[in-house]
Amino acid sequence: MTIRVVVADDQELVRSGFAMILDAQPDIEVVAEVGDGEAAVAAVRRLGPEVALLDIRMPLLDGIEACRAITSSGPTRTVMLTTFDSDAYVYDALHAGASGFLLKDVRRDDLVHAVRVVAAGESLVAPTVARRLIAEFTSRPAAPAPSDRLEVLTARERETLLHLAKGLSNAEIAAALTVSEHTVKTHVGNVLSKLGLRDRIQAVICAYESGLVAPSGEA
């Protein structure tokens, strides 16, 4: 299957560079290049691509708001790009529904990999951004008791969410729960569906914000 991508960046050279890298892949097609957030939202609604690559800072509508508009109205998944390694952008983008977050100095292969991973329904955050995300969680004051939001989950699904928050892979969760990876995938799918989450990144945020996992990493 060909992964269709919309690339949005207000810098023409950056935009065309990313588009050239992606278009050179046999399984990726750049269906539109645009220079602002409003044009990005319009292109996504018109073309229905699998992935939108969005710059954080764009005129008319910034990348965060464009991401929120895109993820709230259709299945297109978003990867955010920025030159600013800033915590604020990370949290704003993730809460807006972004499935990936990369710095603009990303290597060619990592950019292509990110688009493929996000198109496949997974999430991806640059290592430096991930470290900031974890540092922010661990520096927060003690979390409250788990909220009522998690009551829709079964005991095993709560265990699965707990392991997701610790950063375990499906294989590692399967070993911890003594079940098959197929069963873990089912549990993960149920967690995302019941809690209205798009991917594993949002599941991690939910686990911390709901109090299932304390900032120290303890349940």
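Structure: above.
Engineer: Please give an account of the overall build of the protein chain that cites residues and values.
Structural biologist: A tally of regular secondary structure across the protein chain gives ten helices and six strands. Taken across its 219 residues, the protein chain has 49% of its residues classed as buried. Put simply, 67% of the contacts in the protein chain that link residues at least 6 apart link residues at least 24 apart. For the protein chain, the exposed area adds up to about 10300 Å²; of that, 52% sits on carbon and sulfur atoms.

Engineer: Give me helix 1 (residues 12–23): which residues, what numbers.
Structural biologist: When the terminal C-alpha atoms of helix 1 are compared, their 16 Å separation across twelve residues agrees well with the 16 Å that a helix rising 1.5 Å per residue should span. For helix 1, every residue scored as buried is listed here: Arg15, Phe18, Ala19, Ile21 and Leu22. The buried residues of helix 1 occupy an angular sector of 160° when projected down its axis, which confines them to one face. Pointing more than 90 degrees away from the buried face of helix 1 are the exposed residues Glu12, Leu13 and Met20. Contacts made by the buried residues of helix 1 are with strand 1 (3–8), strand 2 (28–34), strand 3 (51–55), strand 4 (77–82) and helix 5 (108–119).

Engineer: Kindly report on the pairing of strand 1, identifying the contributing residues and their values.
Structural biologist: In terms of residue burial, strand 1 counts as a mostly covered element, since five of its six residues are buried. As defined by bridge partners, strand 1 adjoins strand 2 across six bridges and the pair is classed as parallel. Counted as the bridge partner of Ala8 is Val34 from strand 2. For the handedness criterion, the β-α-β arrangement of strand 1, helix 1 and strand 2 is classed as right-handed. In this sheet, strand 3 lies alongside strand 1 in parallel orientation, the contact comprising four bridges.

Engineer: Residue-level account of a negative patch on the surface, with values.
Structural biologist: Together, Glu12, Asp23, Glu29 and Glu33 line one region of the surface with negative charge. Put simply, the parts of the chain that give the negative patch at least two residues each are helix 1 and strand 2. You can see Asp23 is positioned in helix 1. For Asp23, a relative accessible area of 42% corresponds to the partly exposed category.

Engineer: So what's going on with helix 3 (residues 63–71)? Which residues, and what values?
Structural biologist: For helix 3, the buried fraction is high: seven of the nine residues fall into the buried class. Taken residue by residue, helix 3 has Gly63, Ile64, Ala66, Cys67, Ala69, Ile70 and Thr71 as its buried positions.

Engineer: Describe the pairing of strand 4, naming the residues involved and giving the relevant values.
Structural biologist: Taking burial as the measure, the six residues of strand 4 include six buried ones, the bulk of the element. In the sheet, strand 3 pairs with strand 4 via five bridges, with the strands oriented parallel. The partner of Asp55 across the bridge, within strand 4, is Leu81. With helix 3 bridging strand 3 and its parallel neighbour strand 4, the resulting β-α-β unit is right-handed. Bridge analysis of strand 4 against strand 5 (residues 100–103) gives four bridges, and the strand direction is parallel. The residue of strand 5 that forms the bridge with Val79 is Gly100.

Engineer: Describe the side chain of Asp36, naming the residues involved and giving the relevant values.
Structural biologist: Note that Asp36 resides in the loop between strand 2 and helix 2 (37–47). The side chain of Asp36 is buried and forms no salt bridge, while Arg15, the nearest opposite charge, is found at 8.2 Å.

Engineer: Could you give me a rundown of the nonpolar core, with the residues and numbers involved?
Structural biologist: Counting 27 residues, the largest nonpolar core has Leu54, Met80 and Phe101 as the members making the most contacts within it. Going through the elements one at a time, strand 1, strand 2, helix 2, strand 3, helix 3, helix 4 (87–95) and helix 10 (200–209) are the ones with two or more residues in this core. Per element, the largest residue contribution to this core is five residues, and it comes from helix 3. Once residues within four sequence positions are removed from consideration, Leu54 is found in contact with Ala8, Ala40, Gly63, Ala66, Cys67, Ile70, Thr78, Val79, Met80 and Leu81.

Criteria and thresholds
- Position numbers for residues start from 1 in each chain and track the written sequence from start to end.
- In keeping with the predicted nature of the model, local features appear solely for residues at pLDDT of at least 70, side-chain atom pairs appear and are counted solely at 80 or more, and the whole-chain, interface and lining totals rest on all residues.
- Side-chain measures here rest on the full set of heavy atoms in the structure, leaving out hydrogens and waters.
- Counting from the N terminus, the helices are the DSSP runs of H or I reaching at least four residues and the strands are the DSSP runs of E reaching at least two.
- Relative accessibility thresholds used throughout: buried, under 20% of the residue-type maximum; exposed, over 50%; partly exposed, between the two (1.4 Å probe, protein chains only).
- When checking whether two residues touch, look at their non-hydrogen atoms; a contact exists if any pair is within 4.5 Å.
- Values of accessible area rely on a 1.4 Å probe in the Shrake-Rupley scheme; residue burial ignores everything except the protein chains shown.
- Under the convention used throughout, the expected extent of a helix is 1.5 Å for every residue step, that is, one less than its residue count.
- The directions from the helix axis to the C-beta atoms form the arc being described.
- DSSP calls a pair of strands paired once it identifies at least 2 bridges connecting them.
- Classification remark: right-handed applies to a crossover when, strands pointing away from the viewer, the course from the first strand over the helix to the second runs clockwise.
- For patches, a residue must show more than 30% relative accessible area and have no salt bridge; joins then use 9 Å for like charges and 5 Å for nonpolar side chains, namely Val, Leu, Ile, Met, Phe, Trp and Tyr.
- The term salt bridge refers to a pairing of a side-chain nitrogen on Lys or Arg with a carboxyl oxygen on Asp or Glu at a separation within 4 Å.
- Charge counting follows a simple rule: Lys and Arg are positive, Asp and Glu are negative, and His as well as the terminal groups are ignored.
- For the purpose of locating charges, the reference atoms are NZ of Lys, CZ of Arg, CG of Asp and CD of Glu.
- The criterion is simple. A nonpolar core is a set of buried Ala, Val, Leu, Ile, Met, Phe, Trp, Tyr and Cys residues joined through side-chain atoms within 4.5 Å.

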